[in-house]
Amino acid sequence: EDQVTQSPEALRLQEGESSSLNCSYTVSGLRGLFWYRQDPGKGPEFLFTLYSAGEEKEKERLKATLTKKESFLHITAPKPEDSATYLCAVQARRNNNDMRFGAGTRLTVKP
Amino acid sequence: GAGVSQSPSNKVTEKGKDVELRCDPISGHTALYWYRQSLGQGLEFLIYFQGNSAPDKSGLPSDRFSAERTGGSVSTLTIQRTQQEDSAVYLCASSLVKDRVAFFGQGTRLTVV
């Protein structure tokens, strides 16, 4: 069964303190791994898609990387506006219908 | 529309009543998903529609849950005889099949009292 585990559950950083969020996955034949950001009371907002091990994508202070077993979301010099829950999801080749989500990492960046 | 639209944004209902939740996907998106998010939890897959294919209902938690998609566009998720454990945020997403990036609506917060 496909599984997605995100760690830590919660992370508190000082503004400017870089860190990484982890998404470990087990899936039979990865089609794609997705990162989303979710603010309270809103739907998830798409950030990145990664398709193969070694792939990296960047957007402002965020950089996502992928290996065969996990993905990292690196946050460089975060700002308070980066505070949100970050969700990871995987989609398997055999089943194009189902994106399986992790429980998320709740990030708080203090000024 | 510019994004995925869900209505109502909030719904309070009495236990045992039926509710209907609506989703208007992004124009031209052929794939549509419904997810459920309980407080502090991740997203739980419910159902998936793709074009005219039979929907993937494998995530529906019980036969009280059903969904339809009319004309390949608007979708309605129906919950019959609601229970307190049905209280959650119901999220709809749509995507182009080609790149499979799903764009989410704001969700409907359902509270069963």
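We now turn to the structure provided with this report. (Residues numbered from 1 in each chain as written. Chains lettered and ligands numbered in written order. Predicted model: local features only at pLDDT ≥ 70, side-chain atom pairs only at ≥ 80, totals over all residues. Heavy atoms only, no water.)

### A word on the overall build of chain A
Right, so step 1: On a plain count of helices and strands, chain A comes out with zero helices and 11 strands.
Right, so step 2: Reading the secondary structure of chain A in the N-to-C direction produces β-β-β-β-β-β-β-β-β-β-β.
Right, so step 3: On the principal axes, the C-alpha backbone points of chain A span a range of 45 × 30 × 20 Å.
Right, so step 4: For chain A, the proportion of its 111 residues judged to be buried stands at 44%.
Right, so step 5: Counting only contacts in chain A whose residues sit at least 6 apart along the sequence, the fraction spanning at least 24 positions is 56%. (Helix = DSSP H or I, 4+ residues; strand = E, 2+ residues; numbered from the N terminus. Buried < 20%, exposed > 50% of the residue type's maximum accessible area, 1.4 Å probe, protein only. Contact = heavy atoms within 4.5 Å.)

### A look at the packing of aromatic side chains
Right, so step 1: In the structure shown here, the tally under the stated rule is 10 aromatic pairs over all chains.
Right, so step 2: With centroids separated by 5.8 Å and ring planes inclined at 70 degrees, the aromatic side chains of Tyr36(A) and Phe46(A) adopt a geometry described as edge-to-face. You can see Tyr36(A) sitting in strand β4 (residues 30-38) and its partner Phe46(A) sitting in strand β5 (residues 45-50), a full 10 residues away along the chain.
Right, so step 3: Classification of Phe46(A) by relative accessible area gives partly exposed; the value is 22%.
Right, so step 4: Taken together, the ring pairs in this structure connect Tyr36(A), Phe46(A), Phe101(A), Tyr33(B), Tyr35(B), Phe45(B), Tyr48(B), Phe103(B) and Phe104(B) into an aromatic cluster. (Phe/Tyr/Trp six-rings, centres within 6.5 Å; stacked < 30°, edge-to-face > 60°.)

### Side note on the interface of chain A and chain B
Right, so step 1: Each partner contributes residues to the interface: chain A has 21 residues there, and chain B has 17 residues.
Right, so step 2: In total, about 1600 Å² of surface goes out of reach between chain A and chain B, with carbon and sulfur atoms giving 51% of it.
Right, so step 3: Run the count over chain A and chain B and you get five residue pairs in polar contact (both at pLDDT 80 or more).
Right, so step 4: If you list the elements that add at least two residues to the side of chain A that touches chain B, you get β4, β5, β9 (84-92) and β10 (99-101) of chain A.
Right, so step 5: The residue inventory of the side of chain A that touches chain B, partitioned by class, reads nine nonpolar, nine polar and three charged. (Buried area = accessible area lost by both parts, 1.4 Å probe. Polar contact = N/O pair within 3.5 Å; in protein donor to acceptor, adjacent residues only side chain to side chain. Nonpolar A, V, L, I, M, F, W, Y, C, P; charged D, E, K, R; others polar.)

### Looking at the nonpolar core
Right, so step 1: Ranked by internal contacts, the top residues of the largest apolar core, which has 25 residues, are Leu33(A), Trp35(A), Leu73(A) and Tyr86(A).
Right, so step 2: For this core, the secondary-structure elements that each account for two or more residues are β2 (10-14), β3 (19-26), β4, β5, β7 (62-66), β8 (70-75), β9 and β11 (105-110) of chain A.
Right, so step 3: Element by element, the count of residues in this core is highest for β9(A), at five residues.
Right, so step 4: Among all residues touching Leu33(A), those that are not within four sequence positions of it are Cys23(A), Tyr25(A), Phe48(A), Thr49(A), Leu50(A), Leu66(A), Ser71(A), Cys88(A), Ala89(A) and Val90(A).
Right, so step 5: Phe49(B), Leu77(B), Ile79(B) and Tyr90(B) belong to the second-largest nonpolar core, a separate cluster that totals 20 residues. (Core = buried A, V, L, I, M, F, W, Y, C linked by side-chain atoms within 4.5 Å.)

### Some remarks on the pattern of salt bridges
Right, so step 1: What the rule picks out here adds up to eight salt bridges over all chains.
Right, so step 2: A salt bridge links Lys63(A) to Glu56(A); its shortest N-O distance comes to 3.3 Å.
Right, so step 3: In this structure Glu56(A) comes out as partly exposed when scored by relative accessible area, which is 47%.
Right, so step 4: Between Glu44(B) and Arg36(B) there is a salt bridge, and its shortest N-O distance comes to 3.0 Å.
Right, so step 5: According to the relative accessible area criterion, Glu44(B) is partly exposed, its value standing at 31%. (Salt bridge = Lys/Arg side-chain N within 4 Å of Asp/Glu carboxyl O.)

### Remarks on the sheet that holds strand β3 (residues 19-24) of chain B
All names here are of chain B.
Right, so step 1: Spatially, β1-β3-β7-β6 is the arrangement adopted by the four strands of the open sheet, whose pairing is antiparallel. Every interior strand has two partners, whereas the edge strands, β1 (5-7) and β6 (65-69), have only one. Direction aside, neighbouring strands of the sheet carry axes that sit 15 degrees apart on average.
Right, so step 2: Two strands pair when backbone bridges link them, and β1 and β3 are joined in this way by three bridges, in the antiparallel orientation. Its bridge partner lying in β3, Ser5 is registered against Asp24. (Pairing = 2+ DSSP bridges. Axes fitted to C-alpha atoms, helices over the stretch in contact; angles between N-to-C directions.)

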